[in-house]
Each structure stands twice: as C-alpha cells, then as structure tokens.
Amino acid sequence: MRQLLFTLMLLLASVGGHAQHAKEKATMEDLRTGQKALVAFFSRADENYAVGYIEKGNTHIVAEMIAARTGADLFRIETVKPYPASYDSCIEVARREKQSDARPPVKGDIRVEDYDVIYLGYPNWWGEMPMAVYTFIEKHDWQGKTIVPFCTHEGSGLSSTERRIQSACPGGKVLKGLAVRGSTAQHEPETARKAVQAWLEKLGH
C-alpha cells in the first residue's frame, strides 16, 4: 500500500512538473512569435546613489540594452515637473509621493494598446516604483498584454513591484522581472548587458 501511494505521489509530481514546463514554454513562445514590443521606462539622471552625477539614468541604459536586443520601440516616461537634481532632495520628494499615493502628471504618451509585449522599467524608490509609472500605467488598458518588468537598484532588487504591477494592470500577464544595480549599469555596462541577455534568453529572446 505504501509503495502504491509513493508511486502515485511521484506520478502527480511528474505531471505537475510537466504542466509547469509547458506553461513556461508557452510563455517563451509568446515572446518568440514576432509580436510587437515596447520598452516603456522611467529614468532619472542628475545625482544618483552610488554613481554620483550622471548624464543618462541607470534605467535608461538598461532600457536601451533591452530595446537593442529585442528590436522593441522605446518610450521614456517623463514627469511634467522634473525631480530635484540633488539625490537627497529627490528621494524626499519620492517619499512624500509614495506616502500620499500621488500621480504626478507625465509628458506625452504612447498607445500601449498597439503592442503585445511591454517591457516596463523603473528605478526602485523606497521599495516601490516611482509614482509617475502608475500615472502612465493607469492611462492604459492592459487586457491581454504581456508585461515584463525590469528595474535598477542598489540592494533592494525588485522588492514587491512585480506583484504591484500585476494588481495595477488587470488582464495583463506579468513575467519574471530583472533587477540590475545602477552602479553596474553605469560602470560595468558589459556585465549589465550580459545579465540582460541571459534574462531575455530565459524568456525566449
């Protein structure tokens, strides 16, 4: 009897494993079929933690790497009112925006609805996406879209942003995201590029 139960447990585990593999394979196939892709990202230059004053934001650098690899279009999410150039002043503004669940106005827009796959990029501020990214998200219908998050950080990784994106984008499918240290993007671009490449290959690009 015990042998029979053990055999049944192995069989169920095997079936579950095959089902998960099939699901992952289907997800990768979705990204291989030449669907129209967009890299939409928020990024900030000026003074950043661990890298000092920079001319191109950390997330901007990673976004361009993804676009170059996938052939996706690029769209930068920009606030109407720029954040302060000083790092300390910027993170204080970001903290207040997070606490009040603000939606700062953003410049321009792009029709997410015209794309199948959207790579969504942002820096990790206070364990969260900048509130301007929510401003952008809430302008659009994400039904049936594949959303692929990526972020830059200096130790916090993606935090819980993947889960929050799923909540903010009803009807969309959120895939496993990528977190790259901002200092790596700025000072070790080849290391960052290899990380992007490995991540995209795992997703099917």
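Conventions adopted
- Residues numbered from 1 in each chain as written.
- Predicted model: local features only at pLDDT ≥ 70, side-chain atom pairs only at ≥ 80, totals over all residues.
- Heavy atoms only, no water.
- Salt bridge = Lys/Arg side-chain N within 4 Å of Asp/Glu carboxyl O.
- Helix = DSSP H or I, 4+ residues; strand = E, 2+ residues; numbered from the N terminus.
- Buried < 20%, exposed > 50% of the residue type's maximum accessible area, 1.4 Å probe, protein only.

### Things to note about the pattern of salt bridges
Tallied over the entire structure, the rule returns ten salt bridges. Close ionic contact of glutamate 154 with arginine 181 constitutes a salt bridge, the shortest N to O distance being 3.7 Å. In this pair, glutamate 154 sits in the loop between strand 7 (146–153) and helix 5 (161–168) while arginine 181 sits in strand 9 (residues 178–181), placing the two residues 27 residues apart along the sequence. Take glutamate 154: its relative accessible area is 25%, and that puts it in the partly exposed class. A salt bridge links glutamate 190 to arginine 193, with the nearest nitrogen and oxygen atoms 2.9 Å apart. Within this pair, glutamate 190 and its partner arginine 193 are both found in helix 7 (residues 189–203), separated by three residues, close to a single helical turn. Accessibility expressed as a relative area gives 43% for glutamate 190, which makes it partly exposed. The structure contains a network of salt bridges with shared partners spanning Glu92, Arg95 and Arg96.

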